[in-house]
Amino acid sequence: RIQRARRVDAGTYSVDASNAVGTASAEITLMVTGVSPQVTTPLRNTTVVEGQSLILTCAAVADPSPVFVWRFRGERISAIANKYEIVSNNSVSTLTVVGVGGSD
(Lines give C-alpha, C1' and ligand atoms only; values in the text may rest on other atoms or scores of the structure.)
Protein backbone atom coordinates (compact mmCIF):
# COMPACT_ATOMS: atom_id res chain seq x y z
CA ARG A 1 0.00 0.00 0.00
CA ILE A 2 1.39 3.40 -0.99
CA GLN A 3 -0.11 6.33 0.87
CA ARG A 4 0.06 9.70 -0.90
CA ALA A 5 1.71 8.45 -4.07
CA ARG A 6 4.24 10.81 -5.65
CA ARG A 7 6.09 10.79 -8.95
CA VAL A 8 9.08 9.11 -7.30
CA ASP A 9 6.81 6.12 -6.54
CA ALA A 10 6.10 5.52 -10.24
CA GLY A 11 7.61 2.42 -11.80
CA THR A 12 7.35 -1.33 -12.03
CA TYR A 13 6.54 -3.39 -8.94
CA SER A 14 6.81 -7.17 -8.91
CA VAL A 15 6.38 -10.06 -6.51
CA ASP A 16 7.50 -13.68 -6.56
CA ALA A 17 5.77 -16.42 -4.60
CA SER A 18 7.45 -19.78 -4.36
CA ASN A 19 7.29 -23.09 -2.55
CA ALA A 20 8.65 -26.59 -3.07
CA VAL A 21 6.36 -27.15 -6.06
CA GLY A 22 7.14 -24.02 -8.09
CA THR A 23 7.17 -20.27 -8.46
CA ALA A 24 4.64 -17.68 -9.58
CA SER A 25 5.27 -14.02 -10.38
CA ALA A 26 3.15 -10.92 -10.80
CA GLU A 27 4.06 -7.46 -12.01
CA ILE A 28 2.35 -4.07 -12.25
CA THR A 29 3.36 -0.66 -13.51
CA LEU A 30 2.35 2.32 -11.40
CA MET A 31 1.90 5.64 -13.16
CA VAL A 32 1.38 8.72 -11.02
CA THR A 33 -0.56 11.21 -13.10
CA GLY A 34 -0.86 14.10 -10.72
CA VAL A 35 0.49 15.41 -7.48
CA SER A 36 -1.53 17.77 -5.31
CA PRO A 37 0.10 21.13 -4.49
CA GLN A 38 2.41 21.34 -1.52
CA VAL A 39 3.65 24.72 -0.31
CA THR A 40 7.45 24.71 -0.11
CA THR A 41 7.90 28.38 0.83
CA PRO A 42 5.07 29.38 3.16
CA LEU A 43 3.96 32.94 3.86
CA ARG A 44 5.23 34.59 7.03
CA ASN A 45 3.71 37.37 9.13
CA THR A 46 5.21 40.68 8.06
CA THR A 47 5.24 44.30 9.22
CA VAL A 48 5.87 47.25 6.91
CA VAL A 49 5.83 51.02 7.36
CA GLU A 50 2.78 52.70 5.84
CA GLY A 51 3.53 53.88 2.32
CA GLN A 52 6.16 51.22 1.66
CA SER A 53 5.56 48.31 -0.70
CA LEU A 54 4.91 44.81 0.58
CA ILE A 55 6.30 41.81 -1.27
CA LEU A 56 4.97 38.33 -0.48
CA THR A 57 6.33 35.20 -2.14
CA CYS A 58 4.95 31.68 -2.06
CA ALA A 59 6.40 28.58 -3.71
CA ALA A 60 4.56 25.32 -4.27
CA VAL A 61 5.23 22.10 -6.14
CA ALA A 62 2.59 20.08 -7.96
CA ASP A 63 2.00 18.09 -11.11
CA PRO A 64 0.49 19.61 -13.11
CA SER A 65 1.91 23.00 -12.03
CA PRO A 66 -0.24 24.88 -9.51
CA VAL A 67 -2.37 27.92 -10.24
CA PHE A 68 -1.89 30.62 -7.60
CA VAL A 69 -4.78 32.80 -6.39
CA TRP A 70 -4.00 35.60 -3.94
CA ARG A 71 -6.72 36.82 -1.55
CA PHE A 72 -7.10 39.75 0.84
CA ARG A 73 -9.74 39.44 3.55
CA GLY A 74 -11.19 36.51 1.67
CA GLU A 75 -11.60 38.39 -1.63
CA ARG A 76 -9.61 37.46 -4.71
CA ILE A 77 -6.92 40.02 -5.56
CA SER A 78 -6.56 41.17 -9.13
CA ALA A 79 -3.88 43.45 -10.55
CA ILE A 80 -5.97 46.63 -10.57
CA ALA A 81 -5.22 50.34 -10.41
CA ASN A 82 -1.48 49.76 -10.00
CA LYS A 83 -2.14 48.75 -6.38
CA TYR A 84 -1.26 45.07 -6.80
CA GLU A 85 1.26 43.27 -8.97
CA ILE A 86 1.12 39.50 -9.26
CA VAL A 87 3.86 37.53 -10.98
CA SER A 88 3.62 33.74 -11.16
CA ASN A 89 5.61 31.04 -12.93
CA ASN A 90 5.41 27.25 -12.70
CA SER A 91 6.15 27.01 -9.01
CA VAL A 92 6.49 30.50 -7.49
CA SER A 93 4.07 33.40 -7.13
CA THR A 94 4.87 36.88 -5.87
CA LEU A 95 2.36 39.51 -4.77
CA THR A 96 3.49 43.11 -4.49
CA VAL A 97 1.22 45.60 -2.72
CA VAL A 98 2.34 49.05 -3.82
CA GLY A 99 2.25 51.77 -1.14
CA VAL A 100 0.63 49.90 1.73
CA GLY A 101 -2.07 51.96 3.44
CA GLY A 102 -3.88 51.68 6.75
CA SER A 103 -6.67 49.58 5.21
CA ASP A 104 -4.21 47.03 3.78
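This text gives an overview of the structure that appears in the document. All of these numbers come straight from a predicted model, not from anything done at the bench.

## Side note on the sheet that holds strand β8 (residues 92-97)
Strand pairing in a sheet relies on backbone hydrogen bonds. The paired strands run either parallel or antiparallel.
Right, so step 1: Ordered in space as β3-β4-β8-β7, the four strands form an open sheet in which the pairing is antiparallel. Where the open sheet ends on each side, the last strands, each with one partner, are β3 (35-41) and β7 (84-88). Ignoring which end each strand starts from, the neighbouring axes of this sheet average 20° apart.

## Some thoughts on unusual backbone geometry
The bulk of non-glycine residues show a negative phi, and the bulk of peptide bonds are trans.
Right, so step 1: Here Asp-63 and Pro-64 are connected by a cis peptide whose omega angle stands at 5°.
Right, so step 2: On the secondary structure map, Pro-64 appears in the loop between β4 (54-63) and β5 (71-72).
Right, so step 3: Look at Arg-73: it is not a glycine, yet its phi comes out positive at around 55°.
Right, so step 4: Relative to the helices and strands, Arg-73 resides in the loop between β5 and β6 (75-76).
Right, so step 5: Of the residues examined, Arg-73 reaches a relative accessible area of 64% and is grouped as exposed.

## Description of the environment of Ala-62
Right, so step 1: Position of Ala-62 relative to the elements: it lies in strand β4.
Right, so step 2: C-alpha separation for the pair Ala-62 and Gln-38, spaced 24 residues apart in sequence, amounts to 6.6 Å.
Right, so step 3: What Ala-62 contacts, discounting residues up to four positions off in sequence, is Val-35, Ser-36 and Pro-37.

Cut-offs used in this document
Per chain, the residues get numbers from 1 upward, laid out in the order the sequence is written. Only residues with pLDDT of at least 70 are given local features in this predicted model, and only at 80 or more are side-chain atom pairs given and counted; all residues enter the totals for whole chains, interfaces and linings. As a convention, hydrogens and water are excluded, and side-chain values are obtained from all of the structure's heavy atoms. Strands pair, by our definition, only if DSSP identifies at least two bridges between them. Strands here are runs of E lasting at least two residues and helices are runs of H or I lasting at least four, both read from the DSSP assignment and numbered beginning at the N terminus. Comment: axis = line fitted to C-alpha atoms, over the contacting stretch for helices; angle = value between 0 and 180 degrees taken between N-to-C directions. With a 1.4 Å probe rolled over the protein chains alone, any residue whose accessible area is under 20% of its type maximum counts as buried; one over 50% counts as exposed, and the rest are partly exposed. The criterion used for residue contact is that any of the two residues' heavy atoms lie within 4.5 Å.

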